[in-house]
Structures are given as structure tokens and as C-alpha cells.
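# Inside the fold
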Amino acid sequence: MQWTSIIVIYPLFWVMSAFFVLPFGVRTHDEAGIAKIPGQADSAPVRFEPRKIVRRTTVVSLILFGLYYANYVNGWITTDDINIVGKLAGV
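Residues numbered from 1 in each chain as written. Predicted model: local features only at pLDDT ≥ 70, side-chain atom pairs only at ≥ 80, totals over all residues. Heavy atoms only, no water.

## Digging into the side chain of S61
Note the following rule: Put simply, DSSP H or I for four residues or longer makes a helix, DSSP E for two residues or longer makes a strand, and each gets a number counted from the N terminus. Within 3.5 Å is the distance limit for a polar contact, defined as a pair of N or O atoms, with the added protein rule that one can donate a hydrogen and the other accept it, and that residues adjacent in sequence qualify only through two side-chain atoms. Any two residues whose heavy atoms approach within 4.5 Å at even a single point are treated as in contact.
Looking at the element boundaries, S61 is found in helix α3 (residues 50-74). In this structure the side chain of S61 is engaged in a polar contact, spanning 2.8 Å, whose partner is the side chain of Y10. Those residues in contact with S61, other than ones at most four positions away along the chain, are Y10, F13, W14 and S17.

Written as C-alpha cells, this is what we have:
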């Protein structure tokens, strides 16, 4: 894999991991027993900690990208392995 491909693919894993990590560890005002501000969304977190989310996201994305790269190098799962249609007629 070329280094330019890594530069392009890794941010995709990072963003995907960010959406995966965001809901974990979030506590709402109701769960924390704190009064809400009038007009506040019920799902608003008590304390938003972006550094913690960035660290978790980076760890998860490094693991997932590492697995992706290892699969690319070793060929554990190929497109033939995930072909759910079967062999196409005339091909």
C-alpha cells in the first residue's frame, strides 16, 4: 500500500471511530441528578470532554486501521470471500 493511500484511508477510519466512540461514557443531566437549563435538550451531556473523545477515537482508529492494513498485507479476507451473490453467469 502506498503511503498516500494510508494518508487518505486513515482519516476515514478516524471519523468512523469518532461516531462509534461518541455515545460511550456520556451522562445526561437526568442521569447525573443535575437540574437542566430551560430549553436544554434532554440528551445534552453534563460535561463534554473533547480531549477524552479524541484520545479514545485515536486508539480505536489505530486498532481498526492496523487490522485493515494487516488484512491488506496478508490477504486474510478478499473480495472472493465476501461475495454473497455467487458466480455471475457469463463471467
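Once the structure has been displayed, the description carries forward.
## Description of the pattern of salt bridges
The line we're drawing: Think of a salt bridge as a Lys or Arg side-chain nitrogen and an Asp or Glu carboxyl oxygen that are within 4 Å of each other. Throughout, exposure labels follow a simple rule: accessible area from a 1.4 Å probe, protein chains only, divided by the maximum for the residue type, with under 20% read as buried, over 50% as exposed, and the rest as partly exposed.
Considering all chains together, one arrives at four salt bridges under this definition. Salt-bridge contacts for D30 lead to K36; the nearest nitrogen and oxygen are separated by 3.7 Å. K36 gets classed as partly exposed once you look at its relative accessible area, which sits at 32%. One salt bridge connects K52 with E49, and the closest N-O pair in it is separated by 3.2 Å. Overall, K52 belongs to the partly exposed group, its relative accessible area being 35%. Since its relative accessible area comes to 27%, E49 is described here as partly exposed.

## Here's the deal with a nonpolar patch on the surface
For the record, the criterion: Like-charged residues are merged into a patch within 9 Å and nonpolar side chains (Val, Leu, Ile, Met, Phe, Trp, Tyr) within 5 Å, provided each residue has over 30% relative accessible area and no salt bridge. Using the Shrake-Rupley algorithm and a 1.4 Å probe, accessible areas are obtained, with residue cover drawn only from the displayed protein chains.
Together, M16, V59, I63, L64 and L67 give the surface a local cluster of nonpolar side chains, amounting to about 450 Å² of exposed area. Inspection of the secondary structure assignment puts M16 in helix α1 (residues 3-21).

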